[in-house]
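One letter stands for each residue in the lines below.
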Amino acid sequence: MTKAVVILAAGKGTRMQSDLPKVLHPLAGAPMLAHSIFCAQAINAQKTIIVAGHGSDQVTAAAKKYDEDAQIVLQTAQNGTGHAVDQARDALSGFDGDVYVLYGDTPFITPEILDQMAQKRTDGASVVVLGFDVPAPSNYGRLVIKDGALDAIVEAKDATPEQQEIRLCNSGVICAPRDLLFDLISEITNDNASGEYYLTDVVSLARARGLSCAAVECTAQDAMGVNSRRELAIAEAHFQDKARASAMDNGATLLDPKTVWFSYDTHVGRDVVIEQNVVFGPGVTVETDAHIRAFSHIEGAHISQHVVVGPYARLRPGAELADGARVGNFVEIKNAAIGEGAKVNHLSYIGDASIGDAANIGAGTITCNYDGYFKHHTEIGARAFIGSNTMLVAPVRVGDDALTGSGSVITRDVADGDLALARATQANKTGLALKLMSKLKAAKAALKKD
(Lines give C-alpha, C1' and ligand atoms only; values in the text may rest on other atoms or scores of the structure.)
Protein backbone atom coordinates (compact mmCIF):
# COMPACT_ATOMS: atom_id res chain seq x y z
CA MET A 1 0.00 0.00 0.00
CA THR A 2 1.30 3.44 -0.89
CA LYS A 3 1.99 5.75 2.02
CA ALA A 4 2.25 9.47 2.64
CA VAL A 5 3.37 11.23 5.81
CA VAL A 6 2.15 14.61 7.04
CA ILE A 7 4.40 16.11 9.73
CA LEU A 8 2.90 18.92 11.79
CA ALA A 9 5.59 21.52 12.49
CA ALA A 10 3.80 24.86 12.66
CA GLY A 11 3.89 25.62 16.38
CA LYS A 12 6.06 28.28 17.98
CA GLY A 13 6.76 26.36 21.17
CA THR A 14 6.53 29.22 23.66
CA ARG A 15 7.64 27.02 26.55
CA MET A 16 11.02 26.61 24.85
CA GLN A 17 11.69 30.30 25.56
CA SER A 18 13.50 30.53 22.23
CA ASP A 19 13.52 32.43 18.94
CA LEU A 20 14.17 29.11 17.21
CA PRO A 21 11.07 27.17 16.12
CA LYS A 22 10.47 24.33 18.55
CA VAL A 23 10.85 21.54 15.98
CA LEU A 24 14.34 22.77 15.06
CA HIS A 25 15.84 22.30 18.50
CA PRO A 26 18.50 19.63 18.16
CA LEU A 27 18.24 16.08 19.42
CA ALA A 28 21.23 13.78 18.96
CA GLY A 29 22.80 16.09 16.41
CA ALA A 30 19.73 16.74 14.24
CA PRO A 31 16.60 18.90 14.59
CA MET A 32 13.66 17.09 16.17
CA LEU A 33 11.86 17.55 12.86
CA ALA A 34 14.51 15.47 11.13
CA HIS A 35 13.75 12.45 13.29
CA SER A 36 10.17 12.41 12.01
CA ILE A 37 11.51 12.79 8.46
CA PHE A 38 13.82 9.80 9.03
CA CYS A 39 10.79 7.76 10.12
CA ALA A 40 8.92 8.71 6.94
CA GLN A 41 11.93 7.71 4.85
CA ALA A 42 12.22 4.38 6.67
CA ILE A 43 8.66 3.36 5.68
CA ASN A 44 9.32 4.43 2.08
CA ALA A 45 6.68 7.14 2.10
CA GLN A 46 5.92 8.27 -1.44
CA LYS A 47 5.15 11.78 -0.20
CA THR A 48 6.30 13.72 2.86
CA ILE A 49 4.41 16.92 3.62
CA ILE A 50 5.66 19.35 6.27
CA VAL A 51 3.04 21.71 7.70
CA ALA A 52 5.02 24.81 8.71
CA GLY A 53 3.95 28.03 10.38
CA HIS A 54 6.14 29.90 12.84
CA GLY A 55 9.63 30.32 11.39
CA SER A 56 8.53 28.69 8.15
CA ASP A 57 11.66 29.75 6.26
CA GLN A 58 13.89 28.08 8.84
CA VAL A 59 11.68 25.01 9.00
CA THR A 60 11.71 24.74 5.20
CA ALA A 61 15.50 24.98 5.04
CA ALA A 62 15.92 22.30 7.70
CA ALA A 63 13.38 19.97 6.08
CA LYS A 64 15.04 20.28 2.67
CA LYS A 65 18.43 19.51 4.19
CA TYR A 66 17.23 16.09 5.29
CA ASP A 67 14.73 15.41 2.49
CA GLU A 68 15.01 17.57 -0.60
CA ASP A 69 11.76 16.08 -1.94
CA ALA A 70 9.70 17.08 1.09
CA GLN A 71 6.82 19.44 0.31
CA ILE A 72 6.16 22.41 2.57
CA VAL A 73 2.70 23.80 3.17
CA LEU A 74 1.80 26.69 5.48
CA GLN A 75 -0.62 26.96 8.36
CA THR A 76 -0.91 30.70 8.81
CA ALA A 77 -3.41 30.52 11.70
CA GLN A 78 -3.11 28.11 14.61
CA ASN A 79 -6.61 26.64 14.64
CA GLY A 80 -5.88 23.14 15.88
CA THR A 81 -4.51 19.86 14.58
CA GLY A 82 -7.44 19.17 12.28
CA HIS A 83 -6.95 22.52 10.61
CA ALA A 84 -3.20 21.87 10.37
CA VAL A 85 -3.61 18.54 8.59
CA ASP A 86 -6.18 20.10 6.25
CA GLN A 87 -3.43 22.37 4.89
CA ALA A 88 -1.95 19.27 3.23
CA ARG A 89 -5.16 18.52 1.32
CA ASP A 90 -4.07 20.06 -1.98
CA ALA A 91 -0.54 18.69 -1.75
CA LEU A 92 -2.03 15.19 -1.50
CA SER A 93 -4.56 15.72 -4.28
CA GLY A 94 -4.63 12.64 -6.46
CA PHE A 95 -2.69 10.56 -3.92
CA ASP A 96 -4.24 7.12 -3.46
CA GLY A 97 -3.00 5.52 -0.27
CA ASP A 98 -2.75 5.82 3.48
CA VAL A 99 -1.73 9.02 5.23
CA TYR A 100 0.19 8.98 8.51
CA VAL A 101 0.11 12.10 10.65
CA LEU A 102 3.31 12.63 12.66
CA TYR A 103 4.63 15.55 14.71
CA GLY A 104 7.86 17.49 14.47
CA ASP A 105 8.21 17.55 18.25
CA THR A 106 7.60 13.81 18.78
CA PRO A 107 10.91 12.31 17.68
CA PHE A 108 10.75 8.70 18.88
CA ILE A 109 8.02 7.23 16.69
CA THR A 110 9.61 4.27 14.92
CA PRO A 111 8.96 2.57 11.58
CA GLU A 112 8.03 -0.57 13.52
CA ILE A 113 5.22 1.32 15.26
CA LEU A 114 3.90 2.58 11.93
CA ASP A 115 4.09 -0.98 10.58
CA GLN A 116 1.83 -2.09 13.43
CA MET A 117 -0.63 0.62 12.46
CA ALA A 118 -0.45 -0.53 8.83
CA GLN A 119 -1.31 -4.05 9.95
CA LYS A 120 -4.44 -2.75 11.69
CA ARG A 121 -5.42 -1.10 8.40
CA THR A 122 -4.88 -4.40 6.62
CA ASP A 123 -7.06 -6.09 9.22
CA GLY A 124 -9.93 -3.80 8.32
CA ALA A 125 -9.74 -0.68 10.47
CA SER A 126 -10.52 2.51 8.57
CA VAL A 127 -8.81 4.80 11.09
CA VAL A 128 -5.91 3.76 13.32
CA VAL A 129 -4.65 5.81 16.26
CA LEU A 130 -1.49 5.37 18.30
CA GLY A 131 -1.93 5.36 22.07
CA PHE A 132 0.20 4.88 25.14
CA ASP A 133 -0.50 3.90 28.75
CA VAL A 134 0.45 6.16 31.66
CA PRO A 135 -0.57 5.89 35.33
CA ALA A 136 -1.42 9.61 35.61
CA PRO A 137 -2.73 10.81 32.21
CA SER A 138 -3.10 14.45 33.25
CA ASN A 139 -3.86 16.60 30.16
CA TYR A 140 -3.59 13.88 27.53
CA GLY A 141 -6.59 13.00 25.41
CA ARG A 142 -8.12 9.61 26.29
CA LEU A 143 -8.74 6.71 23.93
CA VAL A 144 -12.17 5.24 24.61
CA ILE A 145 -12.21 1.52 23.80
CA LYS A 146 -15.46 -0.41 23.43
CA ASP A 147 -15.65 -4.12 22.57
CA GLY A 148 -11.97 -4.12 21.63
CA ALA A 149 -12.32 -1.29 19.10
CA LEU A 150 -11.55 2.41 19.33
CA ASP A 151 -14.81 4.26 19.86
CA ALA A 152 -13.68 7.86 20.40
CA ILE A 153 -10.87 10.18 21.45
CA VAL A 154 -11.82 12.63 24.16
CA GLU A 155 -9.67 15.67 24.94
CA ALA A 156 -8.86 16.09 28.62
CA LYS A 157 -10.67 19.41 28.79
CA ASP A 158 -13.83 17.80 27.49
CA ALA A 159 -13.61 14.44 29.31
CA THR A 160 -16.14 13.34 31.89
CA PRO A 161 -14.86 12.28 35.34
CA GLU A 162 -15.24 8.64 34.25
CA GLN A 163 -13.31 9.21 31.02
CA GLN A 164 -10.53 10.98 32.93
CA GLU A 165 -9.83 7.68 34.69
CA ILE A 166 -8.85 6.07 31.38
CA ARG A 167 -5.09 5.42 31.21
CA LEU A 168 -4.76 4.80 27.47
CA CYS A 169 -3.81 8.19 26.04
CA ASN A 170 -3.68 9.72 22.60
CA SER A 171 -0.27 10.29 21.02
CA GLY A 172 -1.76 12.29 18.15
CA VAL A 173 -0.34 9.90 15.54
CA ILE A 174 -3.05 8.68 13.19
CA CYS A 175 -3.37 6.69 9.99
CA ALA A 176 -6.26 6.67 7.51
CA PRO A 177 -6.84 6.54 3.74
CA ARG A 178 -6.29 9.90 2.12
CA ASP A 179 -9.82 10.41 0.77
CA LEU A 180 -11.52 9.33 3.99
CA LEU A 181 -9.18 11.41 6.16
CA PHE A 182 -9.89 14.68 4.38
CA ASP A 183 -13.59 13.87 4.02
CA LEU A 184 -13.79 13.43 7.80
CA ILE A 185 -11.74 16.57 8.44
CA SER A 186 -14.32 18.53 6.42
CA GLU A 187 -16.93 17.59 9.04
CA ILE A 188 -14.90 18.66 12.10
CA THR A 189 -16.26 21.62 14.04
CA ASN A 190 -14.65 23.79 16.71
CA ASP A 191 -17.46 23.30 19.20
CA ASN A 192 -15.22 22.44 22.16
CA ALA A 193 -13.53 23.99 25.18
CA SER A 194 -10.59 25.32 23.14
CA GLY A 195 -12.52 26.49 20.08
CA GLU A 196 -10.16 24.50 17.85
CA TYR A 197 -10.57 21.92 15.12
CA TYR A 198 -9.36 18.67 16.69
CA LEU A 199 -7.95 15.98 14.40
CA THR A 200 -9.03 13.51 17.08
CA ASP A 201 -12.68 14.10 16.10
CA VAL A 202 -12.17 11.98 12.98
CA VAL A 203 -12.58 8.87 15.15
CA SER A 204 -16.09 9.71 16.37
CA LEU A 205 -17.03 10.91 12.90
CA ALA A 206 -15.83 7.64 11.37
CA ARG A 207 -17.71 5.63 14.01
CA ALA A 208 -20.86 7.62 13.24
CA ARG A 209 -20.56 6.30 9.69
CA GLY A 210 -20.29 2.76 10.99
CA LEU A 211 -16.60 2.50 10.13
CA SER A 212 -14.17 0.48 12.24
CA CYS A 213 -11.43 2.26 14.20
CA ALA A 214 -8.51 0.71 16.06
CA ALA A 215 -5.75 1.65 18.46
CA VAL A 216 -2.13 0.54 18.57
CA GLU A 217 -0.26 0.90 21.85
CA CYS A 218 3.36 2.03 22.24
CA THR A 219 5.40 3.05 25.27
CA ALA A 220 5.15 6.50 26.81
CA GLN A 221 8.78 7.09 25.82
CA ASP A 222 8.05 6.25 22.19
CA ALA A 223 5.24 8.82 22.21
CA MET A 224 7.23 11.45 24.11
CA GLY A 225 6.56 14.99 22.96
CA VAL A 226 9.02 17.80 23.62
CA ASN A 227 7.65 21.17 24.68
CA SER A 228 10.33 22.66 26.94
CA ARG A 229 14.08 22.68 27.49
CA ARG A 230 13.66 20.26 30.37
CA GLU A 231 11.73 17.84 28.21
CA LEU A 232 14.38 18.22 25.50
CA ALA A 233 17.04 17.19 28.03
CA ILE A 234 14.93 14.18 29.02
CA ALA A 235 14.54 13.24 25.36
CA GLU A 236 18.29 13.54 24.77
CA ALA A 237 18.99 11.29 27.76
CA HIS A 238 16.49 8.75 26.44
CA PHE A 239 18.09 8.76 23.00
CA GLN A 240 21.59 8.37 24.43
CA ASP A 241 20.57 5.48 26.68
CA LYS A 242 19.11 3.64 23.69
CA ALA A 243 22.13 4.39 21.48
CA ARG A 244 24.60 3.22 24.13
CA ALA A 245 22.67 0.02 24.72
CA SER A 246 22.48 -0.65 20.99
CA ALA A 247 26.22 -0.10 20.54
CA MET A 248 27.06 -2.49 23.36
CA ASP A 249 24.49 -5.07 22.22
CA ASN A 250 26.20 -5.04 18.82
CA GLY A 251 29.65 -5.72 20.22
CA ALA A 252 31.23 -2.39 21.19
CA THR A 253 32.85 -1.79 24.57
CA LEU A 254 31.99 1.46 26.33
CA LEU A 255 34.18 1.84 29.40
CA ASP A 256 31.85 4.40 30.97
CA PRO A 257 28.64 4.41 28.91
CA LYS A 258 27.07 7.46 30.55
CA THR A 259 29.95 9.65 29.34
CA VAL A 260 29.76 8.61 25.67
CA TRP A 261 27.47 10.71 23.47
CA PHE A 262 26.24 9.56 20.08
CA SER A 263 24.54 11.32 17.18
CA TYR A 264 21.49 10.07 15.34
CA ASP A 265 23.63 8.49 12.60
CA THR A 266 26.70 7.21 14.48
CA HIS A 267 27.77 3.76 13.26
CA VAL A 268 30.04 1.73 15.53
CA GLY A 269 31.40 -1.70 14.57
CA ARG A 270 32.14 -4.80 16.61
CA ASP A 271 35.06 -4.90 19.03
CA VAL A 272 35.36 -1.12 19.03
CA VAL A 273 36.54 0.25 22.37
CA ILE A 274 35.31 3.69 23.39
CA GLU A 275 36.80 5.21 26.49
CA GLN A 276 35.35 7.85 28.79
CA ASN A 277 34.04 11.27 27.71
CA VAL A 278 33.91 10.75 23.95
CA VAL A 279 31.48 12.82 21.86
CA PHE A 280 30.34 11.81 18.38
CA GLY A 281 28.90 14.53 16.16
CA PRO A 282 26.91 13.69 13.03
CA GLY A 283 28.37 11.64 10.21
CA VAL A 284 30.73 9.26 12.01
CA THR A 285 31.49 5.64 11.15
CA VAL A 286 33.86 3.60 13.33
CA GLU A 287 34.92 0.25 11.91
CA THR A 288 35.79 -3.00 13.66
CA ASP A 289 38.49 -3.09 16.34
CA ALA A 290 39.14 0.64 16.43
CA HIS A 291 40.01 2.27 19.74
CA ILE A 292 38.71 5.72 20.65
CA ARG A 293 40.52 7.04 23.67
CA ALA A 294 39.17 9.42 26.29
CA PHE A 295 38.09 13.03 25.76
CA SER A 296 37.97 12.86 21.97
CA HIS A 297 35.47 14.76 19.78
CA ILE A 298 34.65 13.25 16.40
CA GLU A 299 32.38 14.61 13.67
CA GLY A 300 31.96 13.81 9.98
CA ALA A 301 34.76 11.26 10.07
CA HIS A 302 35.40 7.73 8.87
CA ILE A 303 37.59 5.62 11.13
CA SER A 304 38.79 2.33 9.66
CA GLN A 305 39.77 -0.91 11.33
CA HIS A 306 42.50 -1.04 13.97
CA VAL A 307 42.77 2.75 14.18
CA VAL A 308 43.62 4.43 17.48
CA VAL A 309 42.29 7.93 18.13
CA GLY A 310 43.13 10.12 21.10
CA PRO A 311 43.13 10.80 23.93
CA TYR A 312 42.09 14.45 23.49
CA ALA A 313 41.86 14.23 19.71
CA ARG A 314 39.52 16.17 17.45
CA LEU A 315 38.38 14.79 14.12
CA ARG A 316 36.45 17.31 12.03
CA PRO A 317 34.35 16.73 8.88
CA GLY A 318 36.24 15.09 6.06
CA ALA A 319 38.68 13.20 8.28
CA GLU A 320 39.38 9.80 6.73
CA LEU A 321 41.58 7.42 8.70
CA ALA A 322 42.76 4.27 6.92
CA ASP A 323 43.46 0.91 8.56
CA GLY A 324 45.91 1.05 11.44
CA ALA A 325 46.37 4.82 11.46
CA ARG A 326 47.24 6.57 14.73
CA VAL A 327 45.96 10.00 15.76
CA GLY A 328 47.16 10.99 19.20
CA ASN A 329 46.64 13.56 21.89
CA PHE A 330 45.89 17.19 21.01
CA VAL A 331 45.76 16.45 17.29
CA GLU A 332 43.16 18.02 15.00
CA ILE A 333 42.34 16.49 11.62
CA LYS A 334 40.09 18.30 9.12
CA ASN A 335 39.26 17.29 5.54
CA ALA A 336 42.31 15.07 5.39
CA ALA A 337 43.08 11.44 4.54
CA ILE A 338 45.50 9.64 6.83
CA GLY A 339 46.98 6.57 5.13
CA GLU A 340 47.36 3.02 6.40
CA GLY A 341 49.65 2.83 9.40
CA ALA A 342 50.42 6.57 9.30
CA LYS A 343 50.99 8.33 12.60
CA VAL A 344 50.06 11.80 13.76
CA ASN A 345 50.74 11.20 17.39
CA HIS A 346 50.67 14.57 19.14
CA LEU A 347 50.16 18.31 19.05
CA SER A 348 49.54 18.73 15.33
CA TYR A 349 47.00 20.22 12.92
CA ILE A 350 46.44 18.41 9.63
CA GLY A 351 43.89 20.15 7.41
CA ASP A 352 43.14 19.81 3.68
CA ALA A 353 45.82 17.19 3.30
CA SER A 354 46.64 13.63 2.32
CA ILE A 355 49.13 11.66 4.39
CA GLY A 356 50.68 8.60 2.75
CA ASP A 357 50.84 5.09 4.15
CA ALA A 358 53.27 4.60 7.05
CA ALA A 359 54.21 8.31 7.14
CA ASN A 360 55.18 9.81 10.49
CA ILE A 361 54.13 13.34 11.42
CA GLY A 362 56.22 14.83 14.21
CA ALA A 363 54.88 16.83 17.14
CA GLY A 364 53.87 20.41 16.45
CA THR A 365 53.44 19.95 12.70
CA ILE A 366 50.97 22.30 11.03
CA THR A 367 49.62 22.28 7.50
CA CYS A 368 49.24 25.98 6.74
CA ASN A 369 46.24 25.48 4.49
CA TYR A 370 44.50 28.87 4.51
CA ASP A 371 45.83 32.07 2.97
CA GLY A 372 42.96 34.23 4.16
CA TYR A 373 40.89 33.64 1.01
CA PHE A 374 41.39 30.06 -0.20
CA LYS A 375 42.15 26.62 1.24
CA HIS A 376 45.15 24.81 -0.26
CA HIS A 377 46.16 21.16 -0.22
CA THR A 378 49.21 19.50 1.33
CA GLU A 379 50.38 16.09 0.13
CA ILE A 380 52.77 13.96 2.15
CA GLY A 381 54.03 10.77 0.55
CA ALA A 382 54.30 7.23 1.82
CA ARG A 383 56.88 6.63 4.55
CA ALA A 384 57.75 10.32 4.71
CA PHE A 385 59.08 11.60 8.04
CA ILE A 386 58.01 15.11 9.01
CA GLY A 387 60.21 16.52 11.73
CA SER A 388 58.72 18.13 14.83
CA ASN A 389 57.49 21.70 14.54
CA THR A 390 57.43 21.68 10.74
CA MET A 391 55.23 24.25 9.02
CA LEU A 392 53.96 22.98 5.65
CA VAL A 393 52.84 26.03 3.65
CA ALA A 394 50.25 24.76 1.18
CA PRO A 395 50.02 24.07 -1.65
CA VAL A 396 53.03 21.82 -1.19
CA ARG A 397 54.09 18.20 -1.65
CA VAL A 398 56.56 16.17 0.37
CA GLY A 399 57.43 13.04 -1.57
CA ASP A 400 57.67 9.38 -0.68
CA ASP A 401 60.48 8.54 1.78
CA ALA A 402 61.30 12.26 2.14
CA LEU A 403 62.25 13.92 5.42
CA THR A 404 61.94 17.43 6.80
CA GLY A 405 64.17 18.73 9.54
CA SER A 406 62.66 19.84 12.85
CA GLY A 407 61.59 23.47 12.87
CA SER A 408 61.48 23.75 9.08
CA VAL A 409 59.11 25.98 7.14
CA ILE A 410 58.43 24.11 3.91
CA THR A 411 57.25 26.36 1.08
CA ARG A 412 58.42 24.32 -1.93
CA ASP A 413 57.87 20.72 -2.97
CA VAL A 414 60.26 18.11 -1.61
CA ALA A 415 61.13 15.33 -4.05
CA ASP A 416 60.95 11.63 -3.19
CA GLY A 417 63.76 10.62 -0.87
CA ASP A 418 65.03 14.17 -0.28
CA LEU A 419 65.82 15.86 3.03
CA ALA A 420 64.48 19.41 3.41
CA LEU A 421 65.99 21.79 5.97
CA ALA A 422 64.37 25.22 5.93
CA ARG A 423 65.31 26.97 9.12
CA ALA A 424 66.20 30.58 9.87
CA THR A 425 69.90 31.12 10.61
CA GLN A 426 70.53 31.50 14.35
CA ALA A 427 72.52 34.50 15.47
CA ASN A 428 73.46 35.03 19.15
CA LYS A 429 73.89 38.70 20.20
CA THR A 430 76.08 38.97 23.27
CA GLY A 431 74.33 40.67 26.21
CA LEU A 432 71.48 41.97 24.11
CA ALA A 433 68.83 40.11 26.11
CA LEU A 434 69.87 41.87 29.32
CA LYS A 435 69.82 45.25 27.61
CA LEU A 436 66.37 44.67 26.16
CA MET A 437 64.98 43.47 29.48
CA SER A 438 66.43 46.52 31.23
CA LYS A 439 64.73 48.85 28.75
CA LEU A 440 61.40 47.04 29.14
CA LYS A 441 61.67 47.20 32.92
CA ALA A 442 62.31 50.94 32.79
CA ALA A 443 59.40 51.49 30.41
CA LYS A 444 57.07 49.56 32.69
CA ALA A 445 58.17 51.57 35.72
CA ALA A 446 57.56 54.80 33.82
CA LEU A 447 54.01 53.69 32.98
CA LYS A 448 53.30 53.02 36.66
CA LYS A 449 54.43 56.54 37.63
CA ASP A 450 52.08 58.04 35.06
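Bear in mind the structure is a predicted one, so any value in this text is a computation, not a measurement.

Visitor: Would you mind showing me how to read the pairing of strand β9 (residues 149–154) here?
Guide: The side chains of a regular strand alternate between the sheet's two faces. Two elements, strand β8 (residues 142–146) and β9, share 5 bridges in a ladder whose sense is antiparallel. Looking across to β9, one finds that V144 is bridged to A152.

Visitor: Sorry, what's going on with the packing of aromatic side chains here?
Guide: Working definition: an aromatic ring pair is given by the centre-to-centre distance plus the angle between the planes. Applying the stated rule across the entire model yields 7 aromatic pairs. With a centroid separation of 5.7 Å and an interplanar angle of 80°, the aromatic rings of F38 and Y66 are classed as edge-to-face. In this pair, F38 is assigned in helix α1 (residues 32–42) and Y66 in helix α2 (residues 56–66), connecting sequence segments 28 residues apart. Aromatic pair F295 and Y312: ring centres 4.9 Å apart, planes at 5°, arrangement stacked.

Visitor: Explain the nonpolar core to me, please; I cannot follow it from the model alone.
Guide: Within soluble globular proteins, side chains that are nonpolar tend to cluster in buried spots. In this structure, L33 and V127 are the most contacted members of the largest nonpolar core, which totals 74 residues. Beyond its immediate stretch of four places on either side in the chain, V127 contacts I174, C175, A176, L180, L184, V202, V203, A206, S212, C213 and A214. By size, the runner-up hydrophobic cluster in this structure holds 57 residues, among which are M32, A247, A290 and V331.

Visitor: Looking at this structure, I do not really get unusual backbone geometry. What am I missing?
Guide: What you tend to see is this: most non-glycine residues have negative phi, and most peptide bonds are trans. Cis geometry is adopted by the peptide bond preceding P311, which originates at G310 and carries an omega value of 5°. In this structure, P311 sits in the loop between β20 (308–309) and β21 (314–315). Even without being glycine, Y312 reaches a positive phi, approximately 55°. In the Ramachandran plot, D352 falls in the positive-phi region, its phi being about 50° despite a non-glycine side chain. Examined against the element boundaries, D352 turns out to sit in strand β24 (residues 343–355).

Visitor: Is there a simple way to explain the side chain of K3 in this structure?
Guide: Its location among the elements puts K3 in strand β1 (residues 3–9). D115 is the oppositely charged side chain nearest to the buried, salt-bridge-free K3, at an N-O distance of 4.2 Å. Ignoring sequence-local partners within four residues, the contact set of K3 consists of I43, A45, Q46, K47, F95, D98, Y100 and D115.

Visitor: Would you mind going over the pattern of salt bridges with me for this structure?
Guide: Side chains that differ in charge, positive against negative, can pair when their charged atoms come close. The full count for this structure, using the stated rule, is 17 salt bridges. One salt bridge in this structure joins D183 and R209, with 3.0 Å as the shortest N-O distance. Here the residue D183 occupies a position in helix α5 (residues 178–185), and R209 occupies one in the loop between α6 (201–208) and β11 (213–218), the gap between them amounting to 26 residues. Relative accessible area serves as the criterion here: at 37%, D183 is assigned to the partly exposed category. Where R209 meets E187, a salt bridge forms, and the shortest distance between an N and an O atom there is 2.5 Å. One end of the pair, R209, is in the loop between α6 and β11; the other, E187, is in the loop between α5 and α6, and 22 residues separate them in sequence. For R209, a relative accessible area of 37% corresponds to the partly exposed category. For E187, a relative accessible area of 38% translates into the label partly exposed.

Visitor: Is there a simple way to explain helix α7 (residues 229–249) in this structure?
Guide: Side chains three or four residues apart in an α-helix point the same way, a direct result of the helix having 3.6 residues per turn. The end-to-end C-alpha separation of α7 is 30 Å, in line with the 30 Å expected for 21 residues at 1.5 Å each. If you check which residues of α7 are buried, you get L232, A235, E236, H238, F239, Q240, A243, R244 and A247. Contacts made by the buried residues of α7 are with β2 (26–27), α1 and β12 (253–254). Just downstream of α7 lies G251, where phi reads positive at about 105°.

What counts and what doesn't
- Residues numbered from 1 in each chain as written.
- Predicted model: local features only at pLDDT ≥ 70, side-chain atom pairs only at ≥ 80, totals over all residues.
- Heavy atoms only, no water.
- Pairing = 2+ DSSP bridges.
- Helix = DSSP H or I, 4+ residues; strand = E, 2+ residues; numbered from the N terminus.
- Phe/Tyr/Trp six-rings, centres within 6.5 Å; stacked < 30°, edge-to-face > 60°.
- Core = buried A, V, L, I, M, F, W, Y, C linked by side-chain atoms within 4.5 Å.
- Buried < 20%, exposed > 50% of the residue type's maximum accessible area, 1.4 Å probe, protein only.
- Contact = heavy atoms within 4.5 Å.
- Lys, Arg positive; Asp, Glu negative; His and termini not counted.
- Salt bridge = Lys/Arg side-chain N within 4 Å of Asp/Glu carboxyl O.
- Expected span 1.5 Å × (residues − 1).

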